[in-house]
Protein chains: 2
Amino acid sequence: MPSTRRFDPATLQTFVARSFIRVGLPDADAHTIASLMVEAEMQGSDGHGIIRLLPYITRIESGGVNTRPRLRITQERAATAHIDGDNGMGHLVMKRAAEIAIAKAKVSGMAWVGSQHSNHAGPASIYARMALPEGMIGLYFAVGNANHLPPWGGLDMLLSTNPIAVAIPAGNEPPIVLDMATTVAAYGKVKAKAQRGEMMPEGWMIDRQGNALLDPKRAAEGLLLPLGGAQAGYKGYGLALMIGILAGTLNGAAMGKAVIDFNVDTVTPTNTGQAVAMIDPAAFGDPQAFRDNVDTLINELRNSERLPGVERIWMPGEQSFYKRIDCAANGVPLSAALCDVLDTLADRLGVARLV
Amino acid sequence: MPSTRRFDPATLQTFVARSFIRVGLPDADAHTIASLMVEAEMQGSDGHGIIRLLPYITRIESGGVNTRPRLRITQERAATAHIDGDNGMGHLVMKRAAEIAIAKAKVSGMAWVGSQHSNHAGPASIYARMALPEGMIGLYFAVGNANHLPPWGGLDMLLSTNPIAVAIPAGNEPPIVLDMATTVAAYGKVKAKAQRGEMMPEGWMIDRQGNALLDPKRAAEGLLLPLGGAQAGYKGYGLALMIGILAGTLNGAAMGKAVIDFNVDTVTPTNTGQAVAMIDPAAFGDPQAFRDNVDTLINELRNSERLPGVERIWMPGEQSFYKRIDCAANGVPLSAALCDVLDTLADRLGVARLV
């Protein structure tokens, strides 16, 4: 029995969209979200892809998300906009935010759009990557939807794994796309270790005495370490804090104690904050020269002499790039366990199972 | 004999300015740079403060820096400007860049200004902090002036410790100011360990076989580890790369192999690239409410329960804030070794020694 099954992206999108329509979303919105969730899956962001369908549906059914939001630009200037997402699905809010930022950046050289009353929107890189077809640079920041990180030296989990994504267009090379949590390991990786019955490596988590915590089944007793770990974790703490302020506090969205743990509470609006910024390289020089210089840089890095045992030097986002091509050609792999969950959901919602 | 001497900030500034004037800088430019170098020293950025005077002067005397630059805005839009620094001192270029960004952000909500043909400008936070008197958020990115970091898995030192700084205004609390290199340890910390005859902790550097390198006197044989270290260093590598592209490649400035090691080569123009961005919180909501919310967040984090042995939880930049107050009240401490260097320099240039 294969541990994964592969599905045509369009089939997957249709299934996801039907599920959202069944719980009250308008057709167009359901397809927008489904398309972005399939895109997340295809680039390998499986922790933020189809696996989220059940929790999203559960939250919608609990009344925790507004299925008919009226997105509203509360104010805008030449290079900025602030969006009130009206507690709609984050994908809708941030796709709109990225579109506004691109339109403004075309005129003003760059733009920054922030959201409040938004929700989880999937992987950060999806929105940063919206810059690429325009030949722009995209940046994305978000407040995570559960706090697992204390301040440096502290025990109270007041910060999330607040991610940052940056997407850089290249010429002939794949774009460079960074998408990272500001902890050593994202919390999803801890859950995956627990599911597989594996121990965590030292450096992912500590217990409340500051000792290494290796058993992922004891994760609830422990704290994630910020990027930099025991030695330089004050830097990761600083990054998580700054990203949280830029994405959350600046927008009047939840930060610190106000963050709702959406794994536990499916009802209270999360007031999620996110920000997307777009930069037009043409505002800083010749855009073709820029893309050529990015290609040159990629080749310098890729052709570096390598450490013993290293077969290839990868650019950030390069493995996702090839994964996307593979999924488009050969179908999107979903684990058998996830397929079971989706079948159960389909039966419950009364939509056709994935085949 | 005390190991440090303290100097009045104004005295220090006068001394530094006179040194620059003696090697050909206009009075106003010399005082601008001196003021920023003293500010760096006062906030504890001693690796980027007065210790740089001798290498700056040496570079100017070697003809590596243009003492009479004509800064030129090559193009600008509502939210962007691109500055050609004409190989002038980086302090002049980036102070000008920050001023332009602030003026544009007042109108457009935010602005991003990039430089090419600039030079080392001191600590990143100096320019991000220029946002604070305006009640704005400041960001700063730079390409470092020597490559010590290979790509992840590689051995060729193609990246620098490219720093990022973010400055956030608060209400009654000190501002939050992050200023960090994207390596575990900045190269200056390695040099300091060597000077003190100490070993480095494991995790700062590796040798070319990938083994821990602990002796800082062997630093030339080794590689800095990116933030995240052996476990998650691909994230620090990604950050160093992205900051380098945003500050360097985007501006037509040096990145990768084109970066000049200014410790070794004092003649070739560095074509340093930097970027500064300013965000007006008023473009995203009520600015007073924002500052109040930052205060609330600071107090939540500071009052967290603490790990055993931790006396206090600090915000990024908080220790610098108190150091600045101490220096203003009690004078700026310089090591006896640095004072000797400055005396020798003063005698050679024919300016009055520091007293």
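Up top is the structure.
### A short note on the overall build of chain A
Alright, step 1. A count of helical and extended segments in chain A gives 10 helices and 12 strands.
Alright, step 2. Relative to the compact-globule value of 20 Å for 355 residues, chain A shows a C-alpha radius of gyration of 20 Å, a close match.
Alright, step 3. Burial status across chain A gives 60% buried among its 355 residues.
Alright, step 4. Taking the intrachain contacts of chain A between residues at least 6 apart in sequence as the baseline, contacts between residues at least 24 apart amount to 66%.
Alright, step 5. Within the structure as shown, chain A displays about 13200 Å² of accessible surface, and the carbon and sulfur contribution to it stands at 51%.
Alright, step 6. Taking the average place of the 32 positive charges on the side chains of chain A and the average place of its 34 negative ones, the gap between the two points comes to 4 Å.

### Concerning the interface of chain A and chain B
Frequently, the measure chosen for interface size is the accessible area removed from exposure when the parts meet.
Alright, step 1. Facing the 87 residues of chain A at the interface are 87 residues of chain B.
Alright, step 2. Taking both partners together, chain A and chain B bury about 6900 Å²; carbon and sulfur atoms supply 70% of that area.
Alright, step 3. For the pair chain A and chain B, the number of links is 4 salt bridges.
Alright, step 4. Between Arg77(B) and Asp280(A) there is a salt bridge, with its nearest N and O atoms 3.2 Å apart.

### Description of empty space enclosed by the protein
Alright, step 1. Summed over all chains, the structure comprises 4 cavities of 30 Å³ or more.
Alright, step 2. Of the volumes computed, that of the largest cavity is approximately 220 Å³.
Alright, step 3. Lining the largest cavity are 20 residues; nearest its centre among them are Leu139(A), Phe141(A), Ile164(A), Phe141(B) and Ile164(B).
Alright, step 4. Where the lining of the largest cavity is concerned, the elements lending two or more residues are β5 (137-142), β6 (164-168) and α7 (229-247) of chain A together with β5 (137-142), β6 (164-168) and α7 (229-247) of chain B.
Alright, step 5. Tallied by class, the residues present in the lining of the largest cavity amount to 20 nonpolar, no polar and no charged.
Alright, step 6. Taken as a whole, the second largest cavity encloses approximately 40 Å³ of empty space.
Alright, step 7. Residue composition of the lining of the second largest cavity, grouped by class: 4 nonpolar, 6 polar and no charged.

### A look at the pattern of salt bridges
All names here are of chain A.
Alright, step 1. Tallied over the full model, the rule gives 34 salt bridges over all chains.
Alright, step 2. Between Arg 72 and Asp 84 there is a salt bridge, and its shortest N-O distance comes to 3.7 Å. Taken together, the positions of Arg 72 in strand β2 (residues 72-76) and Asp 84 in strand β3 (residues 80-84) put the pair 12 residues apart, joining distant regions of the chain.
Alright, step 3. The partner of Lys 95 in a salt bridge is Glu 99, with the nearest N and O atoms 3.0 Å apart. One end of the pair is Lys 95 and the other is Glu 99, both in helix α4 (residues 90-108) and 4 residues apart, which spans about a single turn.
Alright, step 4. Assessed through its relative accessible area of 28%, Lys 95 is described here as partly exposed.
Alright, step 5. Each of the salt bridges in this network shares a partner with another, and the network as a whole consists of Glu 173, Arg 302, Arg 312 and Glu 318.

### Side note on the relation of the copies chain A and chain B
Alright, step 1. By a simple turn and slide, chain A fits onto chain B: the slide is 0.0 Å along the axis, the RMSD is 0.0 Å, and the turn is 180 degrees. Viewed as a symmetry operation, the transformation between the two copies matches a two-fold axis. Among all residues of chain A, the one whose C-alpha sits closest to the rotation axis is Gly228(A), at a distance of 2.2 Å.
Alright, step 2. Both copies share a contact surface, since 100% of the interface residues of chain A are interface residues in chain B too.

### Considerations on the packing of aromatic side chains
The way to describe two aromatic rings as a pair is by their centre distance and the angle between their planes.
Alright, step 1. Under the counting rule described, the total for this entry stands at 10 aromatic pairs over all chains.
Alright, step 2. Relative to Tyr140(B), the ring of Tyr127(B) lies with its centre 5.3 Å away and its plane at 25 degrees, an arrangement referred to as stacked. Note that Tyr127(B) is positioned in helix α5 (residues 124-128) and Tyr140(B) in strand β5, a separation of 13 residues in sequence. The burial state of Tyr127(B) is the same as that of Tyr140(B); both residues are buried.
Alright, step 3. For the pair Trp152(B) and Tyr234(B), a centre-to-centre distance of 6.3 Å together with 65 degrees between the ring planes defines the contact as edge-to-face. In this pair, Trp152(B) is assigned in the loop between β5 and β6 and Tyr234(B) in helix α7, connecting sequence segments 82 residues apart.
Alright, step 4. Here Trp152(B) falls in the partly exposed class, since its relative accessible area comes to 30%.
Alright, step 5. Positioned above the aromatic ring of Trp314(A) is the side chain of Arg312(A), whose terminal nitrogen or guanidinium carbon lies 4.1 Å from the ring centre.

### Overview of the nonpolar core
Alright, step 1. The biggest cluster of nonpolar side chains holds 118 residues, and the ones touching the most others in it are Trp112(A), Leu241(A), Trp112(B) and Leu241(B).
Alright, step 2. Beyond its immediate chain neighbours, meaning those up to four positions away, Leu241(B) contacts Ile176(A), Leu297(A), Leu301(A), Met315(A), Pro316(A), Leu159(B) and Met255(B).

Calculation criteria
- Residues numbered from 1 in each chain as written.
- Chains lettered and ligands numbered in written order.
- Predicted model: local features only at pLDDT ≥ 70, side-chain atom pairs only at ≥ 80, totals over all residues.
- Heavy atoms only, no water.
- Helix = DSSP H or I, 4+ residues; strand = E, 2+ residues; numbered from the N terminus.
- Rg over C-alpha atoms; globule rule 2.2 N^0.38 Å.
- Buried < 20%, exposed > 50% of the residue type's maximum accessible area, 1.4 Å probe, protein only.
- Contact = heavy atoms within 4.5 Å.
- Areas by Shrake-Rupley, 256 points an atom, 1.4 Å probe, with all protein chains shown as cover.
- Lys, Arg positive; Asp, Glu negative; His and termini not counted.
- Charge placed at Lys NZ, Arg CZ, Asp CG, Glu CD.
- Buried area = accessible area lost by both parts, 1.4 Å probe.
- Salt bridge = Lys/Arg side-chain N within 4 Å of Asp/Glu carboxyl O.
- 1 Å grid on protein atoms, 1.4 Å probe; cavity = no way out; pocket = protein on both sides within 12 Å on 5 of 7 lines; lining within 4 Å.
- Points joined across faces, edges and corners; volume = space filled by probe spheres on them.
- Nonpolar A, V, L, I, M, F, W, Y, C, P; charged D, E, K, R; others polar.
- Least-squares fit on C-alpha atoms with pLDDT ≥ 70 in both.
- Phe/Tyr/Trp six-rings, centres within 6.5 Å; stacked < 30°, edge-to-face > 60°.
- Lys NZ or Arg CZ within 6 Å of the ring centre and 35° of its normal.
- Core = buried A, V, L, I, M, F, W, Y, C linked by side-chain atoms within 4.5 Å.

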